Amino acid sequence: MARASCTVIQCCVLIASSSLAADNWPSFRGNGSNVSTATHLPDRWSPQSGIAWKVLIPGYGQSAPVVWNGTVFVTSSDGPLQENLQVHAFDLASGDKRWTREIEASTKVENYFRNSRAAPTCAVDNDAVYSFFASGDVTALTHQGEVIWNIPLLQKYGPVENERGIATSPAQSSDKLFIVIDHHGPSYIVAINKRTGEIAWKTDRGKRVPSWSSPIVTSQGDSELVLISSSDSLDAYDTGKGKRLWQLDGLVGNHIPSATVVGNRIYVGSSSMAMQDLDEDAVAGSNCCVEMILTNSKPDFQVVWGAERANSAYSSPIAFAGYVYFVNNVGVLYCVNEQTGKQVFAKRMGEACWASAIGAVNEGEPRIYFFAKNGFTTVLRPGEAFDVVAKNQLWSREEMIEASEAATLLRKSNTVPPEQAVPKTGPEKVFKGMPEAQMHQMFSYGDPLVYGVAAVDEAVLIRTGQHLYCIRSAGDRSVEND
């Protein structure tokens, strides 16, 4: 038994060591594995203890924080047509704001609670922080907040035709950003030179089902790839020229969760969502494991397994310590064997997770953090059983009421005048005239909500629509930096 435990920990260390630097979190889900090398992460906190600081973020946003050399970057938008886009920089140690850069939206998008609102997460490297918004604006800023370049992507390539706007986050290589637009209109992936802002290449993807997942950059043999799990397929493109190298089609429901890559394996999340008539067995099997292989020295793939019973709603799957975990839209956690896809257990955690889980080796022990949208974080020991280390609450009832009232006031101030409102179509048309409070209850959109997370040495960062929290192991809660 002791030998088996040692093997699990060694496996976690191997996975983590190949992921990313422990003091940086440079992109959406770190480097796309959801695994952090961060040390001394907190695993217990409450509204009264362990929260080092909490800061107000102007406007509203659904993006995750990114971290580079002691600075936390996060985005938000404001205005009835999300005309005011903002990138914020905070000091990781204190929570003090370093700067805010406002960007005028080149394409106006209605500020509607069911639309994406500053949902794409930034990418950051040693040279710049790169933001992307529902308006289609891609902007590179210095670490001091000065504009290097800006591209109005939607003005360049046409509007996005889907019912929720843009939520995909950019992926990055050493020299390029990669952005995917999959929608009812002409879909594409575009590569942007990080230094100059010039379009390096654009590859058409045809007319697709609208999707909101994000690409990920990885390596396969001597090739660097950008992978896209979206719109019923998994595609691999060469990062240099944009040539599609291989495609797995026939997937069902992979419109929101992004692919997770660990080593030479890709884990795909798929979901059966409300108002979709999807085959449940096909959805479960599309929560799958794909292995990257070489055939005649060329990048190729093979499907290793499709899960017996699994479902990913908003958060991406995480593969860690020999298991793969998926969370559905009512908070059921599915755990399957990493090698076979056979179900180990299914357990209701209580609430859906809109932020993706994080795996880390904490004080020599593997841990997985599942961040429910209602502010509770369940910390698990990976294994054959649902083994809870702690369940932590982020805000008090009083704070929840205060945040809900603040979000309601913001929504009212951002209400689009009737003459500027976009006519609702499809399912949204049914809800025309329904009171907003009733719709919020129906769709479980009541603020505050946890949207995105990051982990660096000694700290976990959690982002809600209007606040950013920093959690550390020791010390009582500090005064808010509002």
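Parameters at a glance
Residues numbered from 1 in each chain as written. Predicted model: local features only at pLDDT ≥ 70, side-chain atom pairs only at ≥ 80, totals over all residues. Heavy atoms only, no water. Pairing = 2+ DSSP bridges. Helix = DSSP H or I, 4+ residues; strand = E, 2+ residues; numbered from the N terminus. Contact = heavy atoms within 4.5 Å. Axes fitted to C-alpha atoms, helices over the stretch in contact; angles between N-to-C directions. Core = buried A, V, L, I, M, F, W, Y, C linked by side-chain atoms within 4.5 Å. Buried < 20%, exposed > 50% of the residue type's maximum accessible area, 1.4 Å probe, protein only.

Peer 1: I would appreciate a short explanation of the sheet that holds strand E12 (residues 186-193) in the present structure.
Peer 2: Within a sheet, adjacent strands bond to each other through the backbone by hydrogen bonds, running parallel or antiparallel. What the four strands build is an open sheet, ordered E10-E11-E12-E13; its pairing is antiparallel. Two strands lie at the open edges of the sheet, namely strand E10 (171-172) and strand E13 (199-207), each paired on one side alone. Of the pairings in the sheet, the one linking E10 to strand E11 (residues 176-181) comprises two bridges and is antiparallel in character. Each bridged residue has a counterpart across the sheet, and for glutamine 172 the counterpart in E11 is leucine 177.

Peer 1: Looking at this model, I keep getting lost on the environment of glutamate 198. Mind explaining?
Peer 2: With respect to the helices and strands, the residue glutamate 198 is situated in the loop between E12 and E13. The spacing of glutamate 198 and tryptophan 149 is 49 residues in sequence and 9.2 Å in space, taken between C-alpha atoms. Not counting residues within four places of it along the chain, the set of residues in contact with glutamate 198 comprises Ala191, Ile192 and Asn193.

Peer 1: Got a minute to help me understand the sheet that holds strand E19 (residues 265-268) in this structure?
Peer 2: Strand order in this open sheet of four strands is E18-E19-E20-E21, and the pairing throughout is antiparallel. Looking at which strands have only one partner, the edges of the open sheet turn out to be strand E18 (260-262) and strand E21 (298-306). Ignoring strand direction, the axes of neighbouring strands in this sheet form an average angle of 30°. Inspection of the sheet shows strand E20 (residues 288-295) paired to E21 by eight bridges, in the antiparallel sense. Note on E21: the bridge partner recorded for valine 290 is valine 303.

Peer 1: Quick question: what am I supposed to make of the nonpolar core here?
Peer 2: The nonpolar side chains of soluble globular proteins are, as a tendency, buried together. Membership of the largest hydrophobic core comes to 37 residues, with the highest contact counts inside it found for Phe371, Leu394, Val450, Leu461, Ile462 and Leu468. Breaking this core down by element, the ones donating at least two residues are strand E1 (49-56), strand E3 (71-78), strand E26 (358-362), strand E27 (365-371), strand E29 (387-393), strand E30 (450-456), strand E31 (459-464) and strand E32 (467-476). A per-element tally of this core places E30 first, with five residues. Contacts of leucine 461, omitting those with residues within four sequence positions, involve Trp53, Pro65, Val67, Val72, Leu92, Gly452, Val453, Ala454, Leu468, Tyr469 and Cys470.

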